[in-house]
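Chain by chain, the residues:
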Amino acid sequence: QVQLVESGGGLVQAGGSLRLSCSASGRTFSSYAMGWFRQAPGKEREFVARITWSGDSTYYANSVKGRFTISRDNAKNTVYLQMNSLKPEDTAVYYCAATPVFRSDYYRDSAYDYWGQGTQVTVSS
């Protein structure tokens, strides 16, 4: 069982940066692959980024590639999402998610077993 708590969201101007954090409970955090998803008003939840349990491989949605960076610190049971060059279309509730199983469909929210409550990111133009 893993409990996830996101933080770091807020209001930022276009072109600005934010770093989201996701703190996890449980001793087995280092064995979980972690993902970030987001959901904008009136839209379905979409994949943003994923990192393997060791941190040696990362995957990104095309819409954020080159602007966002996912990382993790297993000693702190925390995964991060550094977001640079933010755009108004990045406005959404951002969720972190965890799975103990490698899944090739990592871009689907059904591939994850545990979810945080979400943190709001608002980018003004």
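The following refers to the structure shown. (Residues numbered from 1 in each chain as written. Predicted model: local features only at pLDDT ≥ 70, side-chain atom pairs only at ≥ 80, totals over all residues. Heavy atoms only, no water.)

### Looking at the pattern of salt bridges
How we decide: Each salt bridge in this description consists of a side-chain nitrogen of Lys or Arg and a carboxyl oxygen of Asp or Glu lying within 4 Å of one another. Starting at the N terminus, helices and strands are each numbered in turn, a helix being any DSSP run of H or I of at least four residues and a strand any DSSP run of E of at least two. When a residue's accessible area, from a 1.4 Å probe over protein chains only, is under 20% of the maximum for its type it is buried; when over 50% it is exposed; and in between it is partly exposed.
Under the criterion given, the structure shown has 5 salt bridges. The residue Asp90 makes a salt bridge to Arg38 at a minimum N-O spacing of 2.9 Å. With Asp90 in the loop between β8 (78-83) and β9 (92-99) and Arg38 in strand β4 (residues 33-39), this residue pair connects regions lying 52 residues apart in the sequence. Each member of the pair, Asp90 as well as Arg38, is classed as buried. Sharing partners across several salt bridges, the network here consists of Arg38, Glu46, Arg67 and Asp90.

### Description of the packing of aromatic side chains
We count it as follows: Aromatic pairs are defined between Phe, Tyr and Trp rings, using the six-membered ring for Trp, whenever the two ring centres lie within 6.5 Å; interplanar angles under 30 degrees are classed as stacked, those over 60 as edge-to-face, and all others as tilted.
Taken as a whole and judged by the stated rule, the model has 8 aromatic pairs. Between Phe37 and Tyr112, the aromatic rings sit 5.2 Å apart at their centres with planes inclined by 80°, giving edge-to-face as the arrangement. Within this pair, whereas Phe37 is found in strand β4, its partner Tyr112 is found in the loop between β9 and β10 (114-115), the two being separated by 75 residues in sequence. On the basis of relative accessible area, Phe37 is assigned to the buried category, the value being 1%. Residue class for Tyr112 comes out buried when judged on its relative accessible area of 5%.

### A short note on the pairing of strand β3 (residues 18-24)
Note the following rule: Two strands qualify as a pair provided that DSSP identifies no fewer than 2 bridges between them.
For β3, the tally of buried residues reaches 5 of 7 residues, placing the bulk of the element in the interior. Sheet topology note: the strand β1 (residues 4-7)/β3 ladder contains 4 bridges and is antiparallel. Within β3, the residue paired with Leu4 across the bridge is Ala24.

### Some words on the environment of Gly8
Stated formally: Two residues qualify as a contact provided that any one of their heavy atoms is within 4.5 Å of a heavy atom in the partner residue.
Tracing the backbone shows Gly8 in the loop between β1 and β2 (10-13). Placed 72 residues apart in sequence, Gly8 and Tyr80 show a C-alpha to C-alpha distance of 9.6 Å. When sequence neighbours within four positions are dropped, the list of residues in contact with Gly8 reads Leu18, Arg19, Leu20 and Thr119.

### Some points on the nonpolar core
Here is the rule we go by: We call a set of buried Ala, Val, Leu, Ile, Met, Phe, Trp, Tyr and Cys residues a nonpolar core when their side-chain atoms join them within 4.5 Å.
With 34 residues, the main nonpolar core has Met34, Trp36, Leu81, Met83 and Tyr94 as its most contacted residues. Sorting the residues of this core by element identifies β3, β4, β5 (46-51), β7 (68-73), β8, β9 and β11 (119-124) as the ones contributing at least two each. Among the elements that line this core, the one with the most residues is β9, at 5 residues. For Met34, the contacting residues outside a window of four places in its chain are Leu4, Cys22, Phe29, Ala49, Arg50, Ile51, Ile70, Arg72, Val79, Ala97, Ala98 and Tyr112.

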